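# Geometric and topological summary
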Amino acid sequence: MSERMQQRLRYLAFLVISILLAFGIGAIVLAVTDHEPLAAYKAMFQGAFSAPRHIGDVLEYAMVLALCGLACDLGSRVGIFNVGGEGQLLLGAIVACQVGVWLKGSPTWLVMVLAALAAIVVGGVYAFIPGVLKVKVKVNEVITTIMLNTVAALLCSYLVKGPWQSSSKYVTAGTEKLNAQYWFGGLIKGSKLSTAIFAAAVIAFFIWYVMQRTSRGYEMKLIGQNPRFARFSGLRNDTVVILCMTISGAICGLVGMFRVYGAEHIFKSGISNDYYFEGLMVAMIARYQPLTTILLSLFFAALKIGAEGMQASAGVSNHIYLIIQTIIIFFMAAESGIFTAIENRRMQKAARRAALARREGGTDNE
Amino acid sequence: MSEPVVEFRHISMQFPGVLANDDISLTVNKGEVFALVGENGAGKSTLMNLLYGIYTPTGGEIYIRGRRVERYNPKYAIDQGVGMVHQHFMLVPSFTAAQNIVMRKEPKKLGLFYDNAEAIRQTRALVEEYGLEVDPTEKVADLSVGLQQRVEILKALYRGADILILDEPTAVLTPQETDELFAVLRRIVAEKQMTVILITHKLGEVMAISDRVGVMRKGRLVNVKNTSEVDQRQIASMMVGRPVLYEALEKTGTPGELRIEVAHLRCLDERGLPAVRDLSLSVRSGEVLGIAAVEGNGQSELIEAIAGMQHIESGSVKICGKDVTNRSPAEIRAAGLAHVPEDRLATGLSAEASVGENLLTGRQREKRFRKAFDFLDRSSVARYAGELYERFDIRGAGVDAAAGDMSGGNMQKVVIAREFNFDTPVLIIAQPTRGVDVGAIEFIHSRIIEKRNAGCAILLCSADLDEVFRLSDRIVTIYEGRVTGEFVTDQVTREEVGYYMTGAREVAQ
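Read on for a plain summary of the structure. (Residues numbered from 1 in each chain as written. Chains lettered and ligands numbered in written order. Predicted model: local features only at pLDDT ≥ 70, side-chain atom pairs only at ≥ 80, totals over all residues. Heavy atoms only, no water.)

Attention now goes to the overall build of chain A. When helices and strands are tallied, chain A shows 13 helices and zero strands. Starting at the N terminus and walking to the C terminus, you meet the elements of chain A as α-α-α-α-α-α-α-α-α-α-α-α-α. Dimensions along the principal axes, computed over C-alpha positions, put chain A at roughly 100 × 60 × 30 Å. A total of 366 residues make up chain A; the buried ones form 49% of that total. Accessible surface computed for chain A: about 17400 Å², of which carbon and sulfur atoms make up 67%. Distance between charge centres in chain A, computed from 32 positive and 20 negative side chains, equals 6 Å. (Helix = DSSP H or I, 4+ residues; strand = E, 2+ residues; numbered from the N terminus. Buried < 20%, exposed > 50% of the residue type's maximum accessible area, 1.4 Å probe, protein only. Areas by Shrake-Rupley, 256 points an atom, 1.4 Å probe, with all protein chains shown as cover. Lys, Arg positive; Asp, Glu negative; His and termini not counted. Charge placed at Lys NZ, Arg CZ, Asp CG, Glu CD.)

Any two side chains of opposite charge can pair, so long as their charged atoms come close to each other. Per the counting criterion, the structure on display carries 40 salt bridges over all chains. Between A:Lys221 and B:Glu357 there is a salt bridge whose closest N-O contact spans 2.5 Å. One end of the pair, A:Lys221, is in helix 8 (residues 215-225); the other, B:Glu357, is in helix 12 (residues 355-360), on a second chain. Note on B:Glu357: relative accessible area 7%, which makes it buried. Here the salt bridges do not stand alone but share partners, grouping A:Glu60, A:Lys192, A:Arg259, A:Glu264 and A:Lys268 into one network. (Salt bridge = Lys/Arg side-chain N within 4 Å of Asp/Glu carboxyl O.)

This part covers helix 7 (residues 196-213) of chain A. In an α-helix, one turn spans 3.6 residues; hence positions three or four apart end up facing the same way. Residues and elements named next belong to chain A. For helix 7, built from 18 residues, the straight-helix expectation of 26 Å at 1.5 Å per residue is met to within 8% by its first-to-last C-alpha distance of 25 Å. Those residues of helix 7 lying buried are Ala-196, Ile-197, Ala-200, Ala-204, Ile-207, Tyr-209 and Met-211. Here the buried face of helix 7 lies against helix 3 (52-77), helix 8, helix 10 (237-264) and helix 12 (290-314). (Expected span 1.5 Å × (residues − 1). Contact = heavy atoms within 4.5 Å.)

All names here are of chain B. The interhelical angle for the contact between helix 14 (residues 408-420) and helix 15 (residues 438-453), taken along N-to-C directions, is 10°, at an axis separation of 11 Å. In terms of orientation, helix 14 and helix 15 fall into the roughly parallel class. Here helix 14 contributes Gln-412, Lys-413, Ile-416 and Phe-420 to the contact with helix 15, which in turn contributes Ala-440, Phe-443, Ile-444, Arg-447, Ile-448 and Lys-451. (Axes fitted to C-alpha atoms, helices over the stretch in contact; angles between N-to-C directions. Parallel < 35°, antiparallel > 145°, perpendicular 65-115°, else oblique.)

Now for the side chain of B:Arg259. All names here are of chain B. Mapped onto the fold, Arg-259 is located in strand 13 (residues 258-268). In this structure Arg-259 comes out as buried when scored by relative accessible area, which is 14%. With near-sequence residues (within four places) excluded, Arg-259 lies in contact with Val-283, Arg-284, Ser-285, Lys-318, Ile-319, Cys-320, Pro-425, Val-426, Gly-455, Cys-456 and Ala-457.

Structure below.
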């Protein structure tokens, strides 16, 4: 137990150090580019927390990051890396949106349930394909999912400029706008936060519970750690891996539906700007631990929304957010290497000292 | 008066987290066979790797013929006359014996072109000089393991070695090959005044060949004795640091019904070549059937095929009367099989998971651990794991520590505890004590016999022939994927089994 506690503390310490270093390097970049670092960071903080609507936006973005990150956690727990969440999200969003367009006039509950189901199915199927290819014919899932992302993005851009294009002349590349009766209710005026966050919270809890507390979650972990041992012990690895990948895709699809029905109310290219990849980075930093993923999502959402506020108020490019995020990832990735190097040196020194002490104390004369 | 050839002075070697050698001072003399014994992880191989220059010691110095070793790399060591034959041979399989032997010091025509005829001639001369019979023109891939080992020794001699280190040389040899190797070693020591350092954990061999024996324990050299002044039991006690009792294993009961039936089995190995060829065997309840085979003769594939980890091309496997040919491990376990695999780290456990989780595996869906909403009850798991931990005498940092951080012997106990506790009618055990220390071997052996006496049908596979003889009621020898002989243990000698293991003799089936 104490060893695990130690590991957690070490992780936390490295996380805090990485974040501080990242902000430090970010400050140097700001200073070099003729900005006042402290003022910029202050603007960033205010951009995230100074008004209820900012906080609402932070929560909405945290929801997206957390669900995407958890979808990634789910795959990596069983040893499959879903890099295709972006495509699954886009397809889920566009199909869910089109369901709402087609069923205009139907009861609200029916449209929302069908839209959610459609998003789940489309996202799930889109992840099922690379999942099966990986398990049955050993095709690397990273390559297939990345390529399927491009396919999905191109398909969406075709649909919004072709068959599903809006009839409004103000929308050049987008679907019809959703009827307001189908929207998730807004929670904070002026922000994108909607009641979808409650559904997201339930899903997040459910994923955490399954992964961390159930016997199935334990089986998933075994498959990810040592697939051969898992099979040897009687687990059905192939089925579990495909299932986890499919659920991972279904969650991404549902995030797309949340984005459309909660925040944007239309499908256009801005429905996701590589949001899945940002969620994936959060998951990586969180070492694919669900609870850590959720907490770090809040942190990075505040950072991102704050950076946008900073851009507006202090005129500093919000790319500083990307700089800080990638530096944190860099340090976290280097952590184990740095730590082992320090440990090795420490022990070699100890050994030399011990050998010396023995010789001096010994009777042997050279 | 004996003349020192190698001197270790206060040698220490610190690896991350392990002090592999702790202040070792030792002198090895010219013209002697020095046996270095100790349990796995005692630091024997590390000490020899230091002499061969693979590592640089973190403390102390080594002297060869009175000269201090200045640089620690194998080339320097070879120049000083040190040769080492590793456990895993360092040969190019597609080259001939002669080509392997002269490698890195090839005879040249006009100082430029490789001269194969000269290489063969020089190899022949070496073969004659040392009496190590090998055909220089044969490809290494076509040589038996015993002959490959000779090529390794010749390679060291060609480079001018007169200090020869052999790391567990007999692990892959049959009894006959071991005898031949020892005859050769005796000859080169007596006639050429060479020095041989032998790493081993087989005490019988220490007594048979060595002049002196050094015992290592936990990185320290605890004792150096003249072999003639000690017996095996004393050495074993020095190795473990406490008295070792070899209890007689009491076998009771008579074999009952058929539990494992393998008929005309054929399997391919990883490269798609036939590994098991038309093999049949059967095991009854209350008996141990031991497989005696030199490594790589299809026994691993056979065991994995029975357990569902290996595809079966043709033939059938029945467990407790149920046909399980090409079924999944889950179905075969349900039919009544538990399995201790040969490679515990790759197959037997998850190194990252805790000891408790490893002990639980396979039972995670049982009612006592699984509450409503699929909730895994950690406290019942901890209780269950703690109980097994005690019962199987596992020693480590407790059930919450990562399994991969334990010693090999304790990892093996975790696997054995989990698999034995399924209380299945059939057990397959491969290499039960590989890399396990002397103290734990006794424990594992008596657990196996306990299972046998309780009516379990046990198929045992071990590279250690003594172990096969000690535990088995019957023995089958396997050579190149076929059963070459079947014996009742009490009615056969090791030598005879050795002939069948190499295919030199075969019983028509």
